[in-house]
Amino acid sequence: MIRHVAIVGGGFSGALLAINLLRHDGPRATLIERRAAQLGRGVAYSAAHEEHLLNVRAGNMSALPDDADHFVRWLTRNALGDRTTFVPRRVYGRYLREMLEDAAATHPHRLTLIEDEVRAATRDGALTLGGGGRLAADAVVLALGNLPPHTPPGLAPATLPPGVYRGDPWAGDIAEGLTDEDIVVLVGSGLTAVDAALLLDSSGFGGRILAVSRRGLAPRRHADGPARPGLSERPAATLSALLRHVRTRADTIGWRAAVDELRPVTQMMWGAADATTRARFLRHLRPWWDVHRHRLAPAIADRIDALTASGRLEIAAGKLIAAHADGTHTLLDWRPRDGTQPRRTRAARIVNCTGPQGDLLRSTEPLIRQLLADRLIRPDDLRIGLDVDAQSRVVAADGHVIDTLYCIGPMTRGGLWEVVAVPDIRQQNFTLARRLANAQWVGGEGL
């Protein structure tokens, strides 16, 4: 019987699991988050600035899959928008934090919030905290969010002048100390690079911004249009057939609708693909999928277009070669994808915008390293996350599932792929909460 669940990580996934356990009259929960400011919000909604908007309209952003208008009603009560609004991410973080605080206030004896770091966990649910405390639970759920990005090839931060390289675009002010004569290089051109460019601009930086990625692809913009029902069955058995399907549908309903209607079957398609097909997708199609699937709010796209048109933002396809200190700046050599001669850019700042990674074997997180060393977890076959089964149970190094250890959120992308956006995480979360709540009932009374 599961009487007590410890949730490691208090961001969106972890906080929502605690809320759903209470909603399903499930077991007692302890939610552990090492950064109090991120409790209920996580990095995505606590580090965002006011100009950073959700890239999905409010009508699709309810945290509860069984209450589609929950977020819209909250917005209306607070006079912050309607279902068509692309609200600031900070506002969404406030919504999540209030949900968690309401749950804790309503069920003070069933939900405990702890500000600390979990440094070790055992198979039987014993946790060691960074502050020296210990905690015992019947089940442990890892809600770790995304791992920070790896240092891009071609860069050795220790050899660069202090303050030039910023490995975390969310930590500190990336515009600090810059002048309008400077150049900032963003390594990456996806959503994180868009956030960084907007932050630089809103902070008053008037210099040039160069965003370099392997293919030089930038996220597309949302467009108004009627909502269409998603597909109910997998449309193709191979990647080439899927491409033909999307192109054919795009000619009829537009590429945005053609991509969006895949949402209900994306996880089904990923689950049916073999390891070779998944690897090919990641190697060849993932960048194209990302920029078409995860799009920009129109207001954000307008700002990026304006920065580009003014010459202040350049998005280029290329590969970093080397970086050398040059006084307080760095000489960055990179080779354009078109095969022309390498270019050299004198950068005052280099910001890692490659986005979250999932390779457990490169993580420096104490808990992940301990779980790997004790063979309680293993990377998925593609090394983009943590291996779990269909019930979100962790698969140990020997291939057996551990009934007392679970994982939810982006770190399960290897098995589900589409589990980084709110609609996917909320469903995974809701399902696990129901399962854990049912596990509590073995006849008689629950807690």
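Residues numbered from 1 in each chain as written. Predicted model: local features only at pLDDT ≥ 70, side-chain atom pairs only at ≥ 80, totals over all residues. Heavy atoms only, no water.

**Things to note about the overall build of the protein chain**
Here's step 1: For the protein chain, the count of helices and strands is 13 helices and 16 strands.
Here's step 2: Relative to the 2.2 N^0.38 estimate, which gives 22 Å for 447 residues, the radius of gyration of the protein chain is 22 Å and therefore close to what a compact globule would have.
Here's step 3: Across its three principal axes, the protein chain shows a C-alpha extent of roughly 75 × 55 × 50 Å.
Here's step 4: Here the protein chain holds 447 residues, and the buried ones make up 50% of them. (Helix = DSSP H or I, 4+ residues; strand = E, 2+ residues; numbered from the N terminus. Rg over C-alpha atoms; globule rule 2.2 N^0.38 Å. Buried < 20%, exposed > 50% of the residue type's maximum accessible area, 1.4 Å probe, protein only.)

**Remarks on the packing of helix 8 (residues 263-272) against helix 9 (residues 275-293)**
Here's step 1: Between helix 8 and helix 9, the least distance of the axes is 14 Å, while the angle of their chain directions is 170 degrees. Compared by their axis directions, helix 8 and helix 9 come out roughly antiparallel. Between helix 8 and helix 9 lies a crossing whose hand is left-handed. Facing helix 8, whose interface residues are Arg263, Thr266, Trp270 and Gly271, helix 9 presents Arg278, Phe281, Leu282, Trp289 and Arg293.
Here's step 2: Looking at the contact of helix 8 with helix 9 residue by residue, the classes come out as four nonpolar, two polar and three charged. (Axes fitted to C-alpha atoms, helices over the stretch in contact; angles between N-to-C directions. Parallel < 35°, antiparallel > 145°, perpendicular 65-115°, else oblique. Left-handed = near helix turned anticlockwise from the far one by under 90°. Contact = heavy atoms within 4.5 Å. Nonpolar A, V, L, I, M, F, W, Y, C, P; charged D, E, K, R; others polar.)

**Some words on a positive patch on the surface**
Here's step 1: On the surface, Arg214, Lys319, Arg335 and Arg337 cluster together into a positively charged patch.
Here's step 2: As for its position among the elements, Arg335 is in strand 12 (residues 329-336).
Here's step 3: Residue classification places Arg335 among the partly exposed residues on the basis of a relative accessible area of 42%. (Patch = residues over 30% accessible without salt bridge, like charges linked within 9 Å, V, L, I, M, F, W, Y side chains within 5 Å. Areas by Shrake-Rupley, 256 points an atom, 1.4 Å probe, with all protein chains shown as cover. Salt bridge = Lys/Arg side-chain N within 4 Å of Asp/Glu carboxyl O. Lys, Arg positive; Asp, Glu negative; His and termini not counted. Charge placed at Lys NZ, Arg CZ, Asp CG, Glu CD.)

**Some words on the domain arrangement of the protein chain**
Here's step 1: You can read the domains of the protein chain as domain 1 (4-148 + 357-437), domain 2 (157-219 + 295-352) and domain 3 (239-293).
Here's step 2: If you average the C-alpha positions of domain 2 and of domain 3, the two centres end up 29 Å apart.
Here's step 3: Residue-level contacts link six residues of domain 2 with ten residues of domain 3.
Here's step 4: For the pair domain 2 and domain 3, the two sides together bury roughly 700 Å², of which 52% comes from carbon and sulfur.
Here's step 5: Summed over the three residues of domain 2 that lose the most area to domain 3, namely Arg215, Leu217 and Arg295, the buried surface amounts to 85% of that side.
Here's step 6: On the surface where domain 2 and domain 3 come into contact, there are zero salt bridges. (Domains from an automatic or database assignment. Buried area = accessible area lost by both parts, 1.4 Å probe.)

**Quick word on the packing of aromatic side chains**
Here's step 1: Applying the stated criterion across every chain, the model contains seven aromatic pairs.
Here's step 2: Taken together, Phe12, Tyr45, Phe71, Trp74, Tyr92 and Tyr95 form an aromatic cluster joined through their ring pairs. (Phe/Tyr/Trp six-rings, centres within 6.5 Å; stacked < 30°, edge-to-face > 60°.)

**Details of the pattern of salt bridges**
Here's step 1: Following the criterion strictly, the structure yields 23 salt bridges and no others.
Here's step 2: A salt bridge links Arg166 to Glu176; its shortest N-O distance comes to 3.9 Å. Of this pair, Arg166 sits in strand 8 (residues 165-166) while Glu176 sits in the loop between strand 8 and strand 9 (183-187), and the two are ten residues apart along the sequence.
Here's step 3: In this structure Arg166 comes out as buried when scored by relative accessible area, which is 15%.
Here's step 4: A relative accessible area of 51% means that Glu176 is categorised as exposed.

**Some remarks on the packing of helix 1 (residues 12-23) against helix 4 (residues 89-106)**
Here's step 1: Two numbers describe how helix 1 lies on helix 4: the axes approach to 10 Å, and their chain directions differ by 35 degrees. In this structure, helix 1 meets helix 4 at a crossing whose hand is left-handed. From helix 1, Phe12, Ala15, Leu16, Ile19 and Leu22 reach across to helix 4, where they touch Tyr92, Leu96, Met99, Leu100 and Ala103.

**Considerations on the nonpolar core**
Here's step 1: Membership of the largest hydrophobic core comes to 44 residues, with the highest contact counts inside it found for Ile7, Phe12, Phe71, Tyr92 and Leu111.
Here's step 2: For this core, the secondary-structure elements that each account for two or more residues are strand 1 (4-8), helix 1, strand 2 (28-33), helix 3 (70-77), helix 4, strand 7 (139-142) and helix 13 (422-440).
Here's step 3: The residues touching Leu111, leaving out its near neighbours within four places in the chain, are Ala18, Leu22, Ala29, Leu31, Leu100, Ala103 and Ala104.
Here's step 4: Ranked by size, the runner-up nonpolar core spans 27 residues in total, among them Leu198, Leu296, Ile304 and Cys353. (Core = buried A, V, L, I, M, F, W, Y, C linked by side-chain atoms within 4.5 Å.)

**Concerning the confidence of the model for the protein chain**
Here's step 1: Per-chain confidence: the protein chain averages 88 in pLDDT, with 95% of residues scoring 70 or above.
Here's step 2: Within the protein chain, helix 7 (residues 255-260) has the poorest average pLDDT of any element, 74, and strand 9 the best, 98.
Here's step 3: Counted against residues more than four places away or in other chains, residues 441-447, with its pLDDT under 50, gives eight contacts. (pLDDT = per-residue confidence, 0-100.)

**With respect to helix 11 (residues 366-373)**
Here's step 1: Turning to helix 11, its buried residues number three or more, namely Leu367, Ile368, Gln370 and Leu371. In a view along the axis of helix 11, the buried residues occupy a sector of 165 degrees, so they form one face of it.
Here's step 2: Where helix 11 is buried, its residues touch strand 1, strand 4 (118-121) and strand 7.
Here's step 3: Once helix 11 finishes, Arg375 follows within two positions and takes phi at roughly 60 degrees, a positive value. (Arc of directions from axis to C-beta.)

**Observations concerning helix 9**
The periodicity of an α-helix, 3.6 residues per turn, causes residues three or four places apart in sequence to face the same way.
Here's step 1: Between the first and last C-alpha of helix 9 there are merely 22 Å, a value that for 19 residues lags more than 12% behind the 27 Å anticipated at 1.5 Å per step.
Here's step 2: At Leu285, helix 9 shows its largest bend, some 70 degrees, and a proline, Pro287, comes one to four positions later.
Here's step 3: Those residues of helix 9 that fall on the buried side of the exposure criterion are Arg278, Phe281, Leu282, Trp289, Val291, His292 and Arg293. (Expected span 1.5 Å × (residues − 1). Bend = angle between axes of the 7 residues up to and from the residue.)

**Let's talk about the sheet that holds strand 7**
Here's step 1: In spatial order, the strands read 3-2-1-7-16-15; together these six strands make up an open sheet with mixed pairing. Across the chains shown, the open sheet's two edge strands, defined by having one partner strand only, are strand 3 (111-115) and strand 15 (393-395). Averaged over all pairs of adjacent strands, the angle between strand axes in this sheet comes to 35 degrees, irrespective of strand direction.
Here's step 2: Across the face of the sheet, helix 1 comes into contact with strand 1, strand 2, strand 3 and strand 7 while running at roughly 160 degrees to strand 1. (Pairing = 2+ DSSP bridges.)

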